[in-house]
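What follows is each chain in one-letter form.
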Protein chains: 2
Amino acid sequence: MSTLAPKGLQDVVANESSICFIDGGKGILSYRGIDIHELAQKSTFEETTFLLWNGTLPTAAELNDFSHQLAAARQLPDDIITFLRNIPKTASPMEVLRTAVSLLSIYDPDEKSVQHSANVRKSFRLTAQIAMIVAVFDRIRKGKEIVRPDTSLSHAGNFLWMLNGEKPTETATKALDVALILHADHELNASTFAARVIAATLSDMHSAITGAIGALKGPLHGGANEAVMHLLYDIDKAGDDPVEHVRAMLANKEKISGFGHRVYTTEDPRATHLRRMSEDLGKDANPKWYEMSRKIEIFVKDEKKLNANVDFYSASTYTTLGINIDLFTPIFAISRIAGWCAHVIEQHDDNRLIRPRADYTGPAYPAPYVPVAQRAAQTRPLDSEHSA
Amino acid sequence: MSTLAPKGLQDVVANESSICFIDGGKGILSYRGIDIHELAQKSTFEETTFLLWNGTLPTAAELNDFSHQLAAARQLPDDIITFLRNIPKTASPMEVLRTAVSLLSIYDPDEKSVQHSANVRKSFRLTAQIAMIVAVFDRIRKGKEIVRPDTSLSHAGNFLWMLNGEKPTETATKALDVALILHADHELNASTFAARVIAATLSDMHSAITGAIGALKGPLHGGANEAVMHLLYDIDKAGDDPVEHVRAMLANKEKISGFGHRVYTTEDPRATHLRRMSEDLGKDANPKWYEMSRKIEIFVKDEKKLNANVDFYSASTYTTLGINIDLFTPIFAISRIAGWCAHVIEQHDDNRLIRPRADYTGPAYPAPYVPVAQRAAQTRPLDSEHSA
């Protein structure tokens, strides 16, 4: 057996992949070799998703076909709608999304197959359905009518339409589309790695995506932009100066969410575009959140040499788009499903079970099986917690 | 960045753990240092679960208290029962279990907390509830009345009671109890590793367990004992000699499920006890499946030098217990939940995000963003599959 890997498998190269290239030191992110700056400026979520699933950019005919297929997949079984109507309205959208995606497998004709073509069909359905589930549940919990999908709209446009029941502006659609491109893949991030570990047992795509949603839900992953927005709200509510508020937090050794990244030692290339989106949207509507964010960014960079990451400006961007804070992580999922699907397809196309080993640190083997009457009382972890 | 790890992270030591010690070369499996042979012969599922969660064996008072807590946790919210009644009866039990566990989080008062004490409370509930969900859904799909839990029975006994609506024999209860002990943990197997990857984002226990169930569902993991039973049924139906049937399969280069293991190079120590269980149960009822299995085991060992693994004799054991083939993997989950919970607790008690890297093998960076009108047609993976 080899030696213990760094904690959290930091910098351990777990598998080969042709999907996403990152150079953290140089601040490079690319999908299939194409720089994220190019894609953010010139591509669409549909085209980027085609790229992630197929390896190269589509021809005009392919893109047209792909966009139609994705729009045509905007269908939810009646049972899923019933399920979303019956679930407690207090449920968190991520719990609802995780459960609904798991439930969807029961209605998917390709459920068990791990063949390339079946996986692609499921990818179309899941990508379309995840956006719909988020919008439909939000309408239901707010006591609003469910909005029927509009196949004439883009993926980003249709989501905003189904969420708000109003045709979105071009700026809003563009801002969300860019956010979806930027979040669509990020190599072996925790949720994608979870999806691959699950898929590698030759379990089905719905199982892998359900697990990925569970991982994304964690505060160290998808939950980070929610924490950024809570900070902005706290500052706003207290009427504090943003810089002084953050200075006090740093003095208190509190973590400022939205800064630094395991992989990037320079600026997160995605932050650049979200900063611009946040600023552009602010100009159209309310510049408050952008301006507050910008002041904090400059201060934290000066003070701690930490760069804003993808989460930092997505908070003000989404809020300025009028999106509820507890939908930030679901929107991350609406985008990342493109990458998750690409990785599950790649895993199944050349599979090997992912099964590492642990370094055992417990009682020495063989520890005796002492008969129950002879066992001495032990201090248990919970005893100290209970008495604290 | 370090060099590429072996495919599937084979033999990569991903983290420290004090839960399970395995020496694959010597055929040793132990929980908290205590040999699995000792536990299989002397312990119960309740005591073994205490051991996994707390690190040492319980005193008599602790064991009594623990068993009562686990029995008292045999409760499902009414909404879960309604959900199980409404789900299509054709759904596979693993899809139902994965979805129901995800749904349960919405009703769990400790949902978000990753504190040790909250995780232990959730572990009691999930361990009790997973067994109930499997039994309740099986009753519903067969058009039978749901059986109320009996808190006077052991975990194994209560499951058989709720599944069959008859008080189980001592031999049956004992056989299932031993099977639950044997499957309760196995270090960083794929489902447990998936649970830890999910938990390491500080996501909640229900997310981690939902993902683990998804991983266990795969044919390379929990699904293997189902494949063993399908083989036994095929042989029986054809009226073939078991050895000649398997000889023909090997000549055909077909894989025989239930043999060999990534970790063990000698006999899987769990197989020893399941072989005995299968034999004992066969004596009471129908020895056919045991005898057929034994012949195959001896032949494959002679012919291929491959040892039977945990899945091989669990197939005949469960079938002789009258359990449906599509409940084999759910029963694995009913046991492995003990280990999953122990690993999620351990992960959350000393957490670090699990986020490895990939070795990029795609188009060289920077690949150009060619405008759509200038893109050449490419051969797509699906084209060849479609034309095949």
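This one's a predicted model, so the numbers in the text were calculated from it and none came from an experiment. (Residues numbered from 1 in each chain as written. Chains lettered and ligands numbered in written order. Predicted model: local features only at pLDDT ≥ 70, side-chain atom pairs only at ≥ 80, totals over all residues. Heavy atoms only, no water.)

**Let's talk about a negative patch on the surface**
Residues and elements named next belong to chain B. Heads up, the rule is: Patch members must show over 30% relative accessible area and no salt bridge, and they are joined within 9 Å when carrying like charges or within 5 Å when they are nonpolar side chains of Val, Leu, Ile, Met, Phe, Trp or Tyr. Per-residue accessibility takes into account occlusion by the displayed protein chains alone, with areas from the Shrake-Rupley method and a 1.4 Å probe. Every case where a carboxyl oxygen of Asp or Glu lies within 4 Å of a side-chain nitrogen of Lys or Arg is listed as a salt bridge. Only four residue types enter the charge count, namely Lys and Arg as positive and Asp and Glu as negative; His and the chain termini do not. Charged groups are reduced to one reference atom each: NZ for lysine, CZ for arginine, CG for aspartic acid, CD for glutamic acid. Numbering of helices and strands runs from the N terminus; a helix is a DSSP stretch of H or I covering at least four residues, while a strand is a stretch of E covering at least two.
On the surface, a cluster of negative charge is contributed by E279, D280, D284 and E291. Of the residues forming the negative patch, the biggest block, three residues, is contributed by helix α13 (residues 269-284). Relative to the assigned elements, D280 resides in helix α13.

**Thoughts on the relation of the copies chain B and chain A**
What counts here: We superpose the copies by least squares over the C-alpha atoms of residues that have a pLDDT of at least 70 in both of them. Any two residues whose heavy atoms approach within 4.5 Å are treated as being in contact.
Of the transformation superimposing chain B on chain A, the axial component is 0.0 Å and the angular component is 180 degrees, with the fit at an RMSD of 0.0 Å. Viewed as a symmetry operation, the transformation between the two copies matches a two-fold axis. It is G211(B) whose C-alpha, among those of chain B, lies nearest the rotation axis, at 2.0 Å. By residue overlap, the copies meet face to face through one surface: 99% of the interface positions of chain B are interface positions in chain A.

**A closer look at the pattern of salt bridges**
Residue and element names in this part refer to chain A. Considering all chains together, one arrives at 48 salt bridges over all chains under this definition. Between D108 and R125 there is a salt bridge; the shortest N-O distance is 2.8 Å. Of this pair, D108 sits in the loop between α5 (93-104) and α6 (116-141) while R125 sits in helix α6, placing them 17 residues apart in sequence.

**Regarding the domain arrangement of chain A**
Note: interface size is frequently given as the accessible area lost on complex formation between the parts. All names here are of chain A. Heads up, the rule is: For the purposes of this description, domain bounds are those given by an automatic or database domain assignment. Here's the idea: put two parts together, see how much 1.4 Å probe accessible area each one loses, and the total over both is what we call buried area. The term polar contact refers here to a pair of N or O atoms within 3.5 Å; inside protein, the definition further demands a hydrogen-donor-capable atom paired with an acceptor-capable atom, and it admits residues adjacent in sequence only when both atoms are side-chain atoms.
Structurally, chain A comprises domain 1 (20-220 + 325-349) and domain 2 (224-320). With 28 residues of domain 1 in contact, the opposing surface of domain 2 contributes 27 residues. At the boundary of domain 1 with domain 2, total buried surface from both sides reaches about 2,200 Å², with 69% on carbon and sulfur atoms. When the buried surface of domain 1 facing domain 2 is broken down by residue, L182, I325 and F328 rank first, second and third, together holding 27% of it. In this assembly, domain 1 and domain 2 are joined by zero salt bridges. Across the contact surface, domain 1 and domain 2 share six residue pairs in polar contact (both at pLDDT 80 or more). Counting only elements with at least two residues in the side of domain 1 that touches domain 2, the list comes to β3 (28-31), α1 (36-42), α8 (170-183) and α16 (328-349). A total of eight residues in the side of domain 1 that touches domain 2 trace back to one element, the largest contributor, which is α8.

**Quick look at the side chain of R375(B)**
Where we set the bar: The buried label goes to any residue with under 20% of its type's maximum accessible area, the exposed label to any with over 50%, and the partly exposed label to all in between, with areas taken from a 1.4 Å probe on protein chains only.
By the element assignment, R375(B) lies in the loop between β5 (357-360) and α17 (381-387). On the basis of relative accessible area, R375(B) is assigned to the buried category, the value being 11%. Separated by 2.8 Å, the side chain of R375(B) and the backbone oxygen of P58(A) make a polar contact. Look past the residues within four positions of R375(B) in its chain and what remains in contact with it is E47(A), L57(A), P58(A), T59(A), Y369(B) and V370(B).

**Here's the deal with unusual backbone geometry**
Residues and elements named next belong to chain A. The linkage connecting Y365 with the following residue, P366, adopts the cis geometry, with an omega of -5 degrees. Backbone geometry at L202 places phi at a positive 65 degrees, although glycine is not the residue there. Residue position: L202 is located in the loop between α9 (190-199) and α10 (205-216). Of the residues examined, L202 reaches a relative accessible area of 26% and is grouped as partly exposed. Although it is not a glycine, K305 adopts a positive phi angle of roughly 55 degrees. The exposure class of K305 is exposed, given its relative accessible area of 62%.

**Focus on the interface of chain B and chain A**
Chain B puts 117 residues into the contact, and the matching count from chain A is 116 residues. Across the chain B to chain A interface the summed buried area is about 10,500 Å²; carbon plus sulfur atoms make up 57%. When the area that chain B buries against chain A is broken down by residue, the three leading residues are R355(B), R357(B) and Y369(B), summing to 9%. Viewed at the interface, chain A and chain B are joined by 16 salt bridges. Where chain B touches chain A, the interface holds 80 residue pairs in polar contact (both at pLDDT 80 or more). Considering every element that reaches the side of chain B that touches chain A, the biggest residue donor is helix α10 (residues 205-216) of chain B, with six residues.

**Notes on the environment of V178(B)**
All names here are of chain B. Here V178 lies in helix α8 (residues 170-183). Assessed through its relative accessible area of 0%, V178 is described here as buried. The sequence separation of V178 and T201 amounts to 23 residues, and the corresponding C-alpha distance is 34 Å. Beyond its immediate chain neighbours, meaning those up to four positions away, V178 contacts A40, H273 and M277.

**Some remarks on α6(A)**
Residue and element names in this part refer to chain A. Here is the rule we go by: Between the first and last residue of a helix there are one fewer steps than residues, each counted as 1.5 Å, and that sum is the expected span.
Taking 1.5 Å of rise per residue, the 26 residues of α6 would be expected to cover 38 Å, and the 37 Å separating its terminal C-alpha atoms lies within 8% of that figure. Along α6, 24 of the 26 residues are buried, which leaves the element largely enclosed by surrounding structure. At the C-terminal side of α6, G143 shows a positive phi close to 70 degrees.

**Focus: the packing of aromatic side chains**
Inclusion rule: Side-chain rings of Phe, Tyr and Trp (the six-membered ring for Trp) are treated as a pair once their centres are within 6.5 Å; stacked means planes under 30 degrees apart, edge-to-face means over 60, and tilted covers the remaining angles. Here, over-ring charges are defined by two tests on the NZ atom of lysine or the CZ atom of arginine: distance to the ring centre within 6 Å, and angle to the ring normal within 35 degrees.
Tallied over the full model, the rule gives 23 aromatic pairs over all chains. Consider the rings of F50(B) and F66(B), whose centres lie 5.4 Å apart with planes at 75 degrees: the pair is edge-to-face. Placement of the pair is F50(B) in helix α2 (residues 45-54) and F66(B) in helix α3 (residues 60-72), with a sequence separation of 16 residues. Taken individually, F50(B) and F66(B) each receive the classification buried, so the pair is uniform in this respect. Counting every residue linked through ring pairs, the aromatic cluster contains F50(A), W53(A), F66(A) and F124(A). Above the ring of W161(A), the side-chain terminus of K167(A) is found at 4.3 Å from the ring centroid.

**Structural notes on helix α2 (residues 45-54) of chain A**
All names here are of chain A. Counting buried positions over the ten residues of α2 gives nine, a clear majority of the element. Taken as a whole, α2 has its buried residues at F45, E46, E47, T48, T49, F50, L51, L52 and W53. Where α2 terminates, the next one or two residues include G55, which has phi positive at roughly 100 degrees.

**Describing the sheet that holds strand β2 (residues 20-23) of chain B**
Residues and elements named next belong to chain B. As a reminder, the rule being used: Strand pairing follows a simple DSSP-based rule, namely that at least 2 bridges must link the two strands.
The strand order β2-β3-β4 describes an open sheet built from three strands, whose pairing is antiparallel. Looking at which strands have only one partner, the edges of the open sheet turn out to be β2 and β4 (34-35). Note that β2 and strand β3 (residues 28-31) share four bridges and pair antiparallel. Note that in β3 the partner of I22 across the bridge is L29.

**So, the pairing of β3(B)**
Along any regular strand the residues' side chains alternate between the sheet's two faces. Residue and element names in this part refer to chain B. Burial of the side chains of β3 extends over both faces: I28 and S30 are buried on one face and L29 and Y31 on the other. Where β2 folds back onto β3 in an antiparallel hairpin, the turn is made up of four residues, including G27, whose phi is positive at roughly 70 degrees. Of the pairings in the sheet, the one linking β3 to β4 comprises two bridges and is antiparallel in character. Note that in β4 the partner of Y31 across the bridge is I34. Adjacent in sequence and paired antiparallel, β3 and β4 are bridged by two residues, among which R32 carries a positive phi angle near 50 degrees.

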